[in-house]
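Given next are the chains, with one letter for each unit.
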Amino acid sequence: MQSPEVFDADKRKLLSALAHGSIFLSGLFVSVGIPIALLLLSDDPIVKDNAKEAINFHFNVWLYGIILIPLSFITFGLAGGIWWLAHWGLTVWAISHCLSTPDQPFRYPFIFRLF
């Protein structure tokens, strides 16, 4: 009987946090390339799950940004501020989760999942 694969916990933490942290570069559309590369290159199922979730979050951030940034002009910045807080706050939460609970992939609340 084969033993289950053992994955390096520190590597898992780093790669999972990198996948989610790439959203800090979301102004650059190439930032989604980081979790895509991790999805394609990693053998770790937790890293793959975190990469998929980060890709989905990128798309959600862009979609909500397209909607809320123009609304900021009407709401005197309130809509954009809420978008910014959610965008960065959820990312910090995801990174914290990946570093403290590396054996469980993070799931963002209230997002649309394409993958």
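Residues numbered from 1 in each chain as written. Predicted model: local features only at pLDDT ≥ 70, side-chain atom pairs only at ≥ 80, totals over all residues. Heavy atoms only, no water.

**Overview of the overall build of the protein chain**
Here's step 1: Broken down by element type, the protein chain carries four helices and zero strands.
Here's step 2: Tracing the protein chain from N to C terminus, the helices and strands come up as α-α-α-α.
Here's step 3: For the protein chain, the spread of C-alpha atoms along the three principal axes comes to 65 × 25 × 20 Å.
Here's step 4: Out of the 115 residues belonging to the protein chain, those deemed buried represent 39%.
Here's step 5: The long-range fraction of contacts in the protein chain, counting pairs at least 24 apart against all pairs at least 6 apart in sequence, stands at 65%. (Helix = DSSP H or I, 4+ residues; strand = E, 2+ residues; numbered from the N terminus. Buried < 20%, exposed > 50% of the residue type's maximum accessible area, 1.4 Å probe, protein only. Contact = heavy atoms within 4.5 Å.)

**Considerations on the packing of aromatic side chains**
Here's step 1: Enumeration over the complete set of coordinates arrives at seven aromatic pairs.
Here's step 2: When the centroid spacing of 4.9 Å and the interplanar angle of 85° are considered together, the rings of F106 and Y108 count as edge-to-face. The exposure classification of F106 matches that of Y108, with both residues buried.
Here's step 3: An aromatic cluster is present here, built from F57, W93, F106 and Y108 joined pairwise through their rings. (Phe/Tyr/Trp six-rings, centres within 6.5 Å; stacked < 30°, edge-to-face > 60°.)

**A closer look at the side chain of H97**
Here's step 1: In this structure, H97 sits in helix α4 (residues 78-100).
Here's step 2: If we skip the residues at most four places from it in the chain, H97 touches P102, Q104, P105 and F106.

**Quick notes on the nonpolar core**
Here's step 1: Grouped together as the largest cluster of nonpolar side chains are twelve residues: I23, V32, I55, F57, V61, W62, W83, L90, A94, F106, Y108 and I111.
Here's step 2: Excluding residues within four positions of it along the chain, F106 makes contact with H20, N50, E53, L90, W93, A94 and H97.
Here's step 3: The next biggest cluster of nonpolar side chains, apart from the first, holds six residues, and it includes L15, L38, A51 and A54. (Core = buried A, V, L, I, M, F, W, Y, C linked by side-chain atoms within 4.5 Å.)

**Structural notes on α4**
Here's step 1: If you check α4, its first and last C-alpha atoms are 32 Å apart, about what 23 residues at 1.5 Å a residue would give, namely 33 Å.
Here's step 2: Regarding α4, the residues found buried are A79, G80, W83, H87, L90, T91, A94, I95, H97 and C98.
Here's step 3: Taken together, the buried residues of α4 touch α1 (9-21) and α3 (45-74). (Expected span 1.5 Å × (residues − 1).)

**Focus: the packing of α1 against helix α2 (residues 33-41)**
Here's step 1: The interhelical angle for the contact between α1 and α2, taken along N-to-C directions, is 145°, at an axis separation of 8 Å. The two elements α1 and α2 cross, and the hand of that crossing is left-handed. When α1 is examined against α2, the residues L15, L18 and A19 are found in contact with a partner set consisting of I34, P35 and L38.
Here's step 2: Grouping the constituent residues of the contact of α1 with α2 by class yields six nonpolar, no polar and no charged. (Axes fitted to C-alpha atoms, helices over the stretch in contact; angles between N-to-C directions. Left-handed = near helix turned anticlockwise from the far one by under 90°. Nonpolar A, V, L, I, M, F, W, Y, C, P; charged D, E, K, R; others polar.)

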